[in-house]
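# Coordinate analysis (summary)
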Amino acid sequence: MVDHSGWRVGVASAPVHHGEILQGVFTGDGGLTRGLVTLPCTIHATRATFIPAPGDEVTVTPHWKGKARRAAELAVRAVTPPGAEPAGGHLDLTGDVPLCRGFGSSTSDVLAAIWAVKDAFVSPLPPQEVARIAVRAETASDSLMFEESTVLFAQREGTVIEDFGYRMPALRILGFGSRPEGGGRGVDTLAFSPARYGQDEIDLFTRLQSMLREAIQMKDVALLGSVATASTEINQRHLPIPRLDRIRDIARTTGAVGIQAAHSGDIAGLLFDRDDPEVEARTGTAQDLLQELGIHEQWNYTTGD
């Protein structure tokens, strides 16, 4: 009889992100590669339960979460010892992550699935292996699996271009739907073609990578905000935010340290120093000014708590 005493019902919860602080093309070990630095977010999550079972079939609820099912299959193979009987199981996903907005709903599903399998089989699975599985499951992934550090992540290879060594400095983010005329319907991120960058932009990405390294190591929120703003402005040529000039004026008026955006979504955010004694007043004024601009879909949260 096969011993399944080490199996248990696995549970996990995976966060989302709020688009990117920086996204572009960077120099990696094999030359130029696409990379990104995600902005952590706490306002949505995906929860997963995985019930192991003999055999090699993995099923999922809801049935259309095919990427998460594939991730669970790959994770089961990764944690199954060589020569062991094949294993499968059932994955159940719940959550409140809006689709096609730039919150990383697909990665959140995939990551919750992998972590639930890891929990079910009580098996170590380091972030680098989780990243590899995530990319195999969904073609391109965000870097949510790296919880202890900020990384510049090659989203299509599942590898780290640079580990900045520390978490991002604490921020207050006033998020909003950047395309009010879209009614919050978002962008089809799966169909969105990757941006093509010119040489001047590629050179700028190298400088921004260096600036971000310094911002994270020195916990300099103003410098981090400058990086985010520059990346947002580069992305205007590829997926423009309507009335960005007006939003930039609001940022200056309220003392925001920068503007960030989902580079393949329709959410954006004003970044404030979480530890600024006037952050509540600044955020409140910014909310009012965005309302006057016709941007009514808003939310706020903090990082670094």
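## Points about a nonpolar patch on the surface
Together, V9, V11 and I51 line one region of the surface with nonpolar side chains, adding up to about 260 Å² of accessible area. Looking at where V9 falls in the secondary structure, it is placed in the segment before β1 (10–28). Residue classification places V9 among the partly exposed positions, given a relative accessible area of 46%.

## Section: the environment of S106
Within the element layout of this structure, S106 appears in helix α2 (residues 105–120). Assessed through its relative accessible area of 22%, S106 is described here as partly exposed. S106 sits 60 residues away from T46 along the chain, and the two C-alpha atoms are 9.7 Å apart. Dropping the residues within four chain positions of it, S106 is found in contact with K67 and E138.

## Describing the packing of helix α6 (residues 244–254) against helix α7 (residues 279–292)
Here α6 crosses α7 at 155°, and the two axes come no closer than 9 Å. In terms of axis orientation, α6 runs roughly antiparallel to α7. Handedness of the crossing formed by α6 with α7: right-handed. Here α6 contributes I250, T253 and T254 to the contact with α7, which in turn contributes R282, T285, A286, L289 and L290.

## Here's the deal with α7
For α7, spanning 14 residues, the distance from its first C-alpha to its last is 20 Å, which sits close to the expected 20 Å at 1.5 Å a residue. Three or more residues of α7 are buried, namely V279, T283, A286 and L290. In an axial view of α7, the angular spread of the buried residues amounts to 60°, which keeps them on one side of the axis. Those residues of α7 that are exposed and aimed more than 90 degrees away from the buried face are E280, A281 and E292.

## Section: helix α4 (residues 199–218)
If you check α4, its first and last C-alpha atoms are 29 Å apart, about what 20 residues at 1.5 Å a residue would give, namely 28 Å. Every buried residue of α4 is accounted for by E201, I202, F205, L208, Q209, L212, A215 and I216. Buried residues of α4, seen end-on, are gathered within an arc of 135° and therefore sit on one face of the element. In α4, those exposed residues whose orientation departs by more than 90 degrees from the buried face are Q199, D200 and M218. Among the structural elements, β1, β2 (31–54), β5 (151–154), β6 (159–163) and α5 (221–235) are those in contact with the buried residues of α4. With its phi angle positive at about 55°, K219 sits one or two positions after the end of α4.

## Quick word on the pattern of salt bridges
In the structure shown here, the tally under the stated rule is 17 salt bridges. Measuring nitrogen to oxygen at the nearest pair gives 2.6 Å for the salt bridge that ties D119 to R8. Of this pair, D119 sits in helix α2 while R8 sits in the segment before β1, and the two are 111 residues apart along the sequence. Owing to a relative accessible area of 43%, R8 belongs among the partly exposed residues under this scheme. In this structure, E201 engages R237 in a salt bridge whose closest nitrogen and oxygen atoms are separated by 2.8 Å. You can see E201 sitting in helix α4 and its partner R237 sitting in the loop between α5 and α6, a full 36 residues away along the chain.

## Some words on the packing of α4 against α5
Interhelical geometry of α4 versus α5 gives an angle of 160° and a closest axis separation of 8 Å. Taken together, the axes of α4 and α5 lie roughly antiparallel to each other. By crossing handedness, the relation of α4 to α5 is classed as left-handed. Residue-level contacts link E201, L204, F205, L208, M211, L212, E214 and A215 of α4 to L223, L224, S226, V227, A230, S231 and I234 of α5. Along the lines of polarity and charge, the residues of the contact of α4 with α5 split into eleven nonpolar, two polar and two charged.

About the criteria used
- Within each chain, residue numbers correspond to sequence positions counted from 1 in written order.
- Side-chain atom pairs in this predicted model are given and counted only at pLDDT of 80 or more, local residue features only at pLDDT of at least 70, and totals for whole chains, interfaces and linings cover all residues.
- With hydrogens and water excluded, all non-hydrogen atoms of the structure serve as input to the side-chain values.
- Residues enter a patch when their relative accessible area is above 30% and they make no salt bridge; the linking distance is 9 Å between like charges and 5 Å between nonpolar side chains (Val, Leu, Ile, Met, Phe, Trp, Tyr).
- With residues, only the protein chains shown are counted as cover, and all accessible areas are computed by Shrake-Rupley using a 1.4 Å probe.
- Salt bridge, as applied in this entry: a Lys or Arg side-chain nitrogen positioned within 4 Å of an Asp or Glu carboxyl oxygen.
- Under the DSSP-based scheme used, a helix requires at least four consecutive residues in state H or I and a strand at least two consecutive residues in state E, with every element numbered from the N terminus.
- Any residue under 20% of the maximum accessible area for its type is buried, any over 50% is exposed, and the rest in between are partly exposed; the area is computed with a 1.4 Å probe on protein chains only.
- Contacts are assigned to residue pairs with any non-hydrogen atoms lying within 4.5 Å of each other.
- Fitted lines through C-alpha atoms give the axes, limited to the stretch in contact for helices. The angle between two N-to-C directions lies from 0 to 180 degrees.
- Roughly parallel means an angle under 35 degrees; roughly antiparallel, over 145; roughly perpendicular, 65 to 115; everything else is oblique.
- Note: crossing handedness is left-handed where the near helix turns anticlockwise from the far helix by less than a right angle, and right-handed where it turns clockwise.
- To estimate how far a helix should extend, the number of its residues minus one is multiplied by 1.5 Å.
- Throughout, the arc means the angular range of directions from the helix axis out to the C-beta atoms.
- Any residue outside Ala, Val, Leu, Ile, Met, Phe, Trp, Tyr, Cys, Pro, Asp, Glu, Lys and Arg is labelled polar, Gly included; the first ten of those are nonpolar and the last four are charged.

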